[in-house]
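What follows is the residue order along each chain.
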2 protein chains.
Amino acid sequence: MLVANYRTGRVPRAVRSAQLLELADQLFAERGFHAASMDELARRAGVSKPVIYDHFGSKEQLFATCVRRTGEALADRVAKAVREESDPRERLRAGSIAYFRFLQDQLRAWIVLFDGEDARDTRFATEASRIRRRQSDLMIHLMAETSGTTPDHEGRPRLEAMTLAIAGAYESLSLWWHEHPEVPPEELADWLLDLIWPGLEQLNAQLATSS
Amino acid sequence: MLVANYRTGRVPRAVRSAQLLELADQLFAERGFHAASMDELARRAGVSKPVIYDHFGSKEQLFATCVRRTGEALADRVAKAVREESDPRERLRAGSIAYFRFLQDQLRAWIVLFDGEDARDTRFATEASRIRRRQSDLMIHLMAETSGTTPDHEGRPRLEAMTLAIAGAYESLSLWWHEHPEVPPEELADWLLDLIWPGLEQLNAQLATSS
DNA sequence: CATGGTAGGTTACTGATGGTAAGCAATCCA
DNA sequence: TGGATTGCTTACCATCAGTAACCTACCATG
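Quick notes on the rules
Residue indices begin from 1 for each chain and proceed along its sequence in written order. Chain letters start at A and ligand numbers start at 1, both assigned in the order the entries are written. For a predicted model such as this one, the threshold for reporting local features is a pLDDT of at least 70, and the threshold for listing and counting side-chain atom pairs is 80 or more; totals across whole chains, interfaces and linings nevertheless cover every residue. With hydrogens and water stripped out, all remaining heavy atoms of the structure feed into the side-chain values. In this description a helix means any DSSP run of H or I spanning at least four residues, a strand means any run of E spanning at least two, and both kinds are numbered starting from the N terminus. The cut-offs for exposure are 20% and 50% of the maximum accessible area for each residue type, with area from a 1.4 Å probe on protein chains only; residues under the lower value are buried, those over the upper are exposed, and the others partly exposed. Two residues form a contact once any of their heavy atoms are found within 4.5 Å. Surface accessibility follows the Shrake-Rupley procedure with a 1.4 Å probe radius. Residue values consider only the protein chains on display as shielding. What is meant by a nonpolar core is a set of buried Ala, Val, Leu, Ile, Met, Phe, Trp, Tyr and Cys residues, joined one to another through side-chain atoms within 4.5 Å. Residues are classed as near a molecule or strand on a simple rule: at least one heavy atom within 4 Å of it. Pairs of N or O atoms are called polar contacts if they sit within 3.5 Å, as long as, within protein, a hydrogen donor faces a hydrogen acceptor (for residues adjacent in sequence, only side-chain-to-side-chain pairs). Just to be clear on terms, a salt bridge is a Lys or Arg side-chain nitrogen sitting within 4 Å of an Asp or Glu carboxyl oxygen. In this classification, Asp, Glu, Lys and Arg are treated as charged, Ala, Val, Leu, Ile, Met, Phe, Trp, Tyr, Cys and Pro as nonpolar, and every other residue, Gly included, as polar. Only residues above 30% relative accessible area that lack a salt bridge enter a patch, with like-charged residues linked at up to 9 Å and the nonpolar side chains Val, Leu, Ile, Met, Phe, Trp and Tyr linked at up to 5 Å. None of His or the chain ends enter the tally, which takes Lys and Arg as positive and Asp and Glu as negative. By convention, the charge on Lys lies at NZ, on Arg at CZ, on Asp at CG and on Glu at CD. Confidence of the predictor at the level of single residues is given by pLDDT, which spans 0 to 100. Side-chain rings of Phe, Tyr and Trp, where Trp is taken by its six-membered ring, are said to pair if the distance between their centres is within 6.5 Å; with planes under 30 degrees apart they count as stacked, over 60 as edge-to-face, and otherwise as tilted. Placement of a charge over a ring requires the Lys NZ or Arg CZ to be within 6 Å of the ring centre, with the centre-to-atom vector within 35 degrees of the ring normal.

### Remarks on the overall build of chain A
Then comes step 1: Scanning chain A from terminus to terminus reveals 9 helices and 0 strands.
Then comes step 2: The N-to-C order of helical and strand elements in chain A reads α-α-α-α-α-α-α-α-α.
Then comes step 3: Sorting the 211 residues of chain A into buried and exposed places 52% on the buried side.
Then comes step 4: Contacts spanning at least 24 positions in sequence make up 67% of the contacts within chain A whose residues lie at least 6 apart.
Then comes step 5: Of the roughly 9,800 Å² of accessible surface on chain A, 51% is carried by carbon and sulfur atoms.

What follows is the structure in structure tokens.
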């Protein structure tokens, strides 16, 4: 979509970069990291392999770039949805729904990351944990924004650990969802909210007053 | 440990299998899936490559076998710990502590699975989700055992989804722990318990009475 | 308008590594 | 003692990430 006409011969660097990223996204989604070959990407782009290496350095860096972009898009959508609500619980709910809706759209790309044939490769985990971290940071930030307090030095690791754990729960629930697509995003969000909200509220209170 | 003397020449099939599995476990833990080569495994076992392929079929199947064994050992330890308590909350706590203690012992093998250079490979995710599923099943089983009730047909998917989500939270928390090893397993367990117990209790009540 | 530098690109290769075909030899059993 | 079975080896192939060396369209400048 971004680049209408492939195989246009000589093209400015930025354009070629964008085109390669777009095609790489597709290819990784279709085949997974392991089975996607640089030769095929080169063929699809109508370009020779060294061009790709000149732009991205290695297959892993190319993959990392693709994943990071997706992760950022996800974080943006969640953050935006959260900011449209004011009540704490409603904020979390809105963020959750945005999260699951995003996955619904990007399903194929997502599955490549966390499930399927390639997930055994350590290279995946690095990027996955980066996304998780991003969600966790976002959550901490928004919690602070909402409650107006921040945990003291002692409470901080605990908060960090718990938000990461929650991000992991979302991630894992997404995989379950992949096998039960009939459940609507809102219901998923409500299930998870009912599960973690009581504990989360208590945690927030506990960490805020311990300072 | 299992097989004292390697390079013994001709050896019965079952013995060779056990030896190869043991060495493969070590090798994967050292290098990760991607960087571990079948040639090296063959060299270490003092055997030629086709022997390995005769026993396990492919690198991926060999890896899957290793991971599955670890997953089973983990589930066994958790189940055993849980069964030594009777109060529901104490059961969950005991299981959690057992879970984290196991990871502490098997840290290297664990990290290979969920972090590090190879986790980008889809092949990993399959096995990881198998472990998660196992923990989830265990949890459902133990919850039923404890409360004496099982959810109706409608409530079942929700319960399944929530236990998987919780398993994901444990998994993700383990990765955080890897960077904060100073936190004792008991504290991790308590943090997580405080977070999910209220919601879990409520969920259990809700699903039991809806039948 | 010639001209030289640079950005964009190509051909042709290497080195690892997963995987296999074909065959050989130790051991067991009749 | 001899033949079948089981355990194992040699020698190879195909694929794929990554690279060295080289080429050429295009642009700014004297």
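### Section: the nonpolar core
Then comes step 1: Within the largest apolar cluster, 113 residues are counted, with the highest numbers of intra-cluster contacts made by Leu62(A) and Leu62(B).
Then comes step 2: Sequence-distant contacts of Leu62(A), defined by excluding residues within four places in its chain, comprise Leu21(A), Ala24(A), Phe28(A), Met38(A), Leu41(A), Ile52(A) and Phe56(A).

### Focus: the protein's contact with DNA strand D
Then comes step 1: Around DNA strand D there are 20 residues in total, and Lys49(A), Tyr53(A), Arg10(B), Arg16(B) and Ser48(B) lie nearest to it.
Then comes step 2: Atoms of DNA strand D within 4 Å of the protein belong to the sugar or the phosphate in 55% of instances, the rest to bases.
Then comes step 3: In the environment of DNA strand D, a base nitrogen lies 3.3 Å from a nitrogen or oxygen atom belonging to the side chain of Arg10(A).
Then comes step 4: Take Met38(A): an N or O atom from its main chain is 2.8 Å from a phosphate oxygen of DNA strand D.
Then comes step 5: Those elements that provide at least two residues to the surface near DNA strand D are helix 2 (38–45) and helix 3 (49–56) of chain A together with helix 1 (13–35) and helix 3 (49–56) of chain B.
Then comes step 6: A total of 3 residues in the surface near DNA strand D trace back to one element, the largest contributor, which is helix 3 of chain A.

### Brief notes about the pattern of salt bridges
Residue and element names in this part refer to chain A.
Then comes step 1: Under the criterion given, the structure shown has 35 salt bridges over all chains.
Then comes step 2: In this structure, Asp54 and Arg13 form a salt bridge, with 3.0 Å as the shortest nitrogen-oxygen distance. With a gap of 41 residues between them, Asp54 in helix 3 and Arg13 in helix 1 (residues 13–35) connect regions that are remote in the sequence.
Then comes step 3: Residue classification places Arg13 among the partly exposed positions, given a relative accessible area of 47%.
Then comes step 4: When the shortest N-O distance is used, the salt bridge between Arg132 and Glu171 registers 2.6 Å. Remark: Glu171 occurs in helix 8 (residues 155–178) and Arg132 occurs in helix 7 (residues 122–147); sequence separation between them is 39 residues. Across the pair, exposure class does not vary: Arg132 and Glu171 are buried alike.
Then comes step 5: Where salt bridges share partners, they join Glu30, Arg31, Glu40 and Arg44 into one cluster.

### Observations concerning the protein's contact with DNA strand C
Then comes step 1: Taken together, 20 residues lie near DNA strand C, and Arg16(A), Ser48(A), Met38(B), Lys49(B) and Tyr53(B) sit nearest.
Then comes step 2: The sugar-phosphate portion of DNA strand C accounts for 56% of its atoms within 4 Å of the protein, the bases making up the rest.
Then comes step 3: Between DNA strand C and Arg16(A) there is a distance of 2.5 Å, counted from a phosphate oxygen to a side-chain nitrogen or oxygen.
Then comes step 4: Those elements giving two or more residues to the surface near DNA strand C turn out to be helix 1 and helix 3 of chain A together with helix 2 (38–45) and helix 3 of chain B.
Then comes step 5: In terms of residues, the surface near DNA strand C owes the most to one element, helix 3 of chain B, which gives 3 residues.
Then comes step 6: The class makeup of the residues in the surface near DNA strand C is 9 nonpolar, 4 polar and 7 charged.

### Side note on a negative patch on the surface
Then comes step 1: Taken together, the side chains of Glu84(A), Glu85(A), Asp87(A) and Glu90(A) present a region of like negative charge at the surface.
Then comes step 2: Under the relative-accessibility criterion, Glu90(A) is labelled partly exposed at 32%.

### Details of the confidence of the model for chain A
Then comes step 1: Residues with a pLDDT of 70 or more make up 86% of chain A, whose mean pLDDT is 87.
Then comes step 2: Overall, residues 1–7 of chain A carries pLDDT values under 50, and its contacts beyond four positions in sequence, including any with other chains, amount to 14 contacts.

### Topic: the environment of Gln61(A)
Residues and elements named next belong to chain A.
Then comes step 1: Here Gln61 shows up in helix 4 (residues 59–83).
Then comes step 2: Judged by its relative accessible area of 48%, Gln61 falls in the partly exposed class.
Then comes step 3: Sequence separation of Gln61 and Ala29 is 32 residues, and the distance between their C-alpha atoms is 16 Å.

### A short note on the packing of aromatic side chains
All names here are of chain A.
Then comes step 1: Under the defined criterion, the tally for this structure stands at 16 aromatic pairs over all chains.
Then comes step 2: Ring centres 5.9 Å apart and planes at 20° place the aromatic pair Phe28 and Phe33 in the stacked group.
Then comes step 3: By relative accessible area, which is 6% here, Phe28 ends up buried.
Then comes step 4: Aromatic side chains Phe100 and Trp177 sit 5.7 Å apart centroid to centroid with 80° between the ring planes, which places their arrangement in the edge-to-face category. One end of the pair, Phe100, is in helix 5 (residues 88–105); the other, Trp177, is in helix 8, and 77 residues separate them in sequence. Note on accessibility: Phe100 and Trp177 belong to one class, buried.
Then comes step 5: Each member of the aromatic cluster is reached from another via a ring pair, and the members are Tyr99, Phe100, Tyr170 and Trp177.
Then comes step 6: Positioned above the aromatic ring of Phe33 is the side chain of Lys59, whose terminal nitrogen or guanidinium carbon lies 4.6 Å from the ring centre.

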